[in-house]
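Descriptive analysis of the structure
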Amino acid sequence: MLLLLLLLLLLLLLLLLLLLQLPLPLSLLLMLLLLSLLFLLLLLQLFLSLLQLLLLMLLIMLMLLISPLLQQFDRNKTNEFYIFIRSGIVRYSARVNFDVACNMDFHAYPGDSQLCEVKFESFGYTSRQLTFRWSNETSHVNENISLAQFDLSVSMVNSYNTDYYDVSYPGLILKLSMARKLNYHLVQSYIPSTVYLTVSWLALFVPPQSVAERLAMAMTIMLTLTTMFASERQSVPRVSYITYLDVWMLTCILFVFLELGEFTLVLHLIRNKRESAVPKVESAAKALLPLLFLAFNAVYWSLVLTSATVF
């Protein structure tokens, strides 16, 4: 590119000399000076090209010299360690961090227990060529690691061989057992909803003639439980099936709905001049609603506590 520009400049100067019509000796002198300048510029370009080539060769040599150091740095960065023993045994150890996917079942949430299996298996060596086993089944677990919502227990399984290939490959299994704690949900969900439902039953002791007061109490509790249920759904795992927590919240809303049905029945009896049946309905509601809720609690908590850890 530079050479083309110089040639173009030389042609322009020649045209300029022809237009100026200078004497022949002076024109030859100027031409000689221009050719000398062009030659010097060409030498300069050649020198710069050689200098760039030299710098490129030096850079390649430098990369070849430091590449072993970079490989050693990468090996240390991945926490790899080698020990060579005189008997010919080579001990290799490495520390690896990785993310593991685990399929979980949340039907019993928040009383669920999850089991995750992490499998380490050989990729190219068969069971006849290589054997895996844990060196010490207790020293690999850090006792200081804890989970806020789970009780964690770790177990290690030896002698794991693949049976879904044509050839058996060795492997190890690391089992992570996680049992969810119930203390958070007891404070945030179960106790408040039980208190709200108990408060709604106080409307049964309001005189039947005070329809507005009864409906106001029941509807307020209904809206409160619905809002609590919606907020709880934002923090629980998003699954398409019903969990134990959903059963609890829906049952609480159902009991408030039954209370509203009792109010409607009492109002219908009063309007049809059958006030004599109102006390019986009121007494039955005051006794049956708490008893049904206690029976539901007995069945519900027997299912939840079989798999959950309270504290």
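Residues numbered from 1 in each chain as written. Predicted model: local features only at pLDDT ≥ 70, side-chain atom pairs only at ≥ 80, totals over all residues. Heavy atoms only, no water.

When helices and strands are tallied, the protein chain shows six helices and five strands. Counting from the amino terminus, the protein chain carries its helices and strands in the arrangement α-α-β-β-β-β-β-α-α-α-α. Out of the 311 residues in the protein chain, the part that is buried amounts to 27%. For the protein chain, the proportion of contacts with a sequence separation of at least 24, taken over those separated by at least 6, is 67%. In the form shown here, the protein chain has an accessible surface area of approximately 22100 Å², with 68% of it arising from carbon and sulfur atoms. (Helix = DSSP H or I, 4+ residues; strand = E, 2+ residues; numbered from the N terminus. Buried < 20%, exposed > 50% of the residue type's maximum accessible area, 1.4 Å probe, protein only. Contact = heavy atoms within 4.5 Å. Areas by Shrake-Rupley, 256 points an atom, 1.4 Å probe, with all protein chains shown as cover.)

The relative placement of two packed helices is expressed as an angle between their axes plus a distance between the axes. Two elements in contact, helix α5 (residues 244-271) and helix α6 (residues 278-304), have axes separated by 11 Å at closest approach and are oriented at 175°. In terms of their interaxial angle, α5 and α6 are classed as roughly antiparallel. When its residues are assigned to classes, the contact of α5 with α6 shows 22 nonpolar, two polar and three charged. (Axes fitted to C-alpha atoms, helices over the stretch in contact; angles between N-to-C directions. Parallel < 35°, antiparallel > 145°, perpendicular 65-115°, else oblique. Nonpolar A, V, L, I, M, F, W, Y, C, P; charged D, E, K, R; others polar.)

Looking now at the state of the cysteines. Counting across every chain of the model gives one disulfide. Covalent S-S linkage joins Cys102 and Cys116, the inter-sulfur distance amounting to 2.0 Å. Its S-S torsion of approximately -95° makes the covalent link between Cys102 and Cys116 left-handed. Taken together, the residues span a long stretch of sequence, with Cys102 in the loop between β2 (90-94) and β3 (113-121) and Cys116 in strand β3 at a distance of 14 residues. Looking at Cys102, the relative accessible area reads 26%, which means it is partly exposed. (Disulfide = S-S within 2.5 Å.)

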